[in-house]
Amino acid sequence: MGKTEVDPVEARLAGQLAHLRAEHGWSLEELAARTGVSRSTLSRLERAEISPTAAMLGKLCSAYGRTMSQLLAEAEADFPQLVRADRQTVWRDEASGFTRRSVSPPHPGSRGELVEGTLRPGADISYDEPPVAGLEQHIWVLDGTLEVSAGGGTHRIKTGDCLRFRLWGRSRFHNPGPGPARYALVIVLP
């Protein structure tokens, strides 16, 4: 069933997704083949009829060679130096239990960004590949416990712990519970 009211962030994101596909000169069929997301789902995403999941956005980011923050920031009108809390883009994937706040969105000339992520207990999100090969990530758990699989290993990180790595392949974020896991994610482009 389609949504009756479109969130402004999702409407801008839908427009950006359609723009990127046109910019690359890809048909819906070609993008579906590159991402493994069905043609009909892609069409509905571009018309803001459905909300993308974190996994879908991950696949689209990989196809377009962008981080999720870059994609979300490109849907914004401007890139101010000071990003007030009430102006930070918040995106929610209710189905997978993931909330993402772009604390310091990407900016032309800057290779780093800061994201706050929250996973509800039991949430489990997998990404087939990084949006950009060799992406550097630093994950600092602010509250709770997070299990992160990357680079062939799985790490259980708790409040105050920091995991850092360069991402070349699959990754997985899992909250084993019992409470929400809130973390800061620093992303640095290679």
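Caption draft 1: Seen up close, the packing of aromatic side chains. Within the structure shown, the criterion is met by four aromatic pairs. Here the aromatic rings of tryptophan 26 and tyrosine 64 are separated by 5.5 Å at their centres, their planes lie at 15°, and the arrangement is stacked. Placement of tryptophan 26 in the loop between helix H1 (8-24) and helix H2 (28-35) and of tyrosine 64 in helix H4 (residues 54-64) is noted, with a sequence separation of 38 residues between them. The class of tryptophan 26 is buried, set by a relative accessible area of 11%. Tyrosine 64 gets classed as buried once you look at its relative accessible area, which sits at 6%. On the numbers, 6.4 Å between centres and 85° between planes, the contact of tyrosine 127 with phenylalanine 173 is edge-to-face.

Caption draft 2: Layout of H2. All of the buried residues in H2 are Leu28, Leu31, Ala32 and Thr35. Relative to the axis of H2, the buried residues are bounded by an arc of 105° and lie together on one face. The inward-facing, buried residues of H2 abut H1, helix H3 (39-46) and H4. Phi turns positive, to about 80°, at glycine 36, one or two residues after H2.

Caption draft 3: The arrangement of the sheet that holds strand S4 (residues 124-127) in detail. Spatially, S4-S9-S6-S7 is the arrangement adopted by the four strands of the open sheet, whose pairing is antiparallel. Of all the strands in the sheet, just S4 and strand S7 (153-158) have a single pairing partner and so form its edges. Strand-to-strand twist in this sheet, taken as the mean axis angle between neighbours without regard to direction, amounts to 15°. Relative to S7, strand S6 (residues 145-150) runs antiparallel, the two sharing six bridges. Paired with serine 149 across the bridge in S7 is threonine 154.

Caption draft 4: Structural view of the sheet that holds strand S2 (residues 98-104). The sheet built from six strands is open, its strands ordered S1-S2-S3-S10-S5-S8 with antiparallel pairing. On the outer flanks of this sheet lie strand S1 (89-93) and strand S8 (162-167), each paired with one strand and no other. In this sheet, neighbouring strand axes are inclined to one another by 20° on average, regardless of whether the strands run parallel or antiparallel. Bridge count between S1 and S2: five bridges; the pairing is antiparallel.

What counts and how
Residues numbered from 1 in each chain as written. Predicted model: local features only at pLDDT ≥ 70, side-chain atom pairs only at ≥ 80, totals over all residues. Heavy atoms only, no water. Phe/Tyr/Trp six-rings, centres within 6.5 Å; stacked < 30°, edge-to-face > 60°. Helix = DSSP H or I, 4+ residues; strand = E, 2+ residues; numbered from the N terminus. Buried < 20%, exposed > 50% of the residue type's maximum accessible area, 1.4 Å probe, protein only. Arc of directions from axis to C-beta. Contact = heavy atoms within 4.5 Å. Pairing = 2+ DSSP bridges. Axes fitted to C-alpha atoms, helices over the stretch in contact; angles between N-to-C directions.

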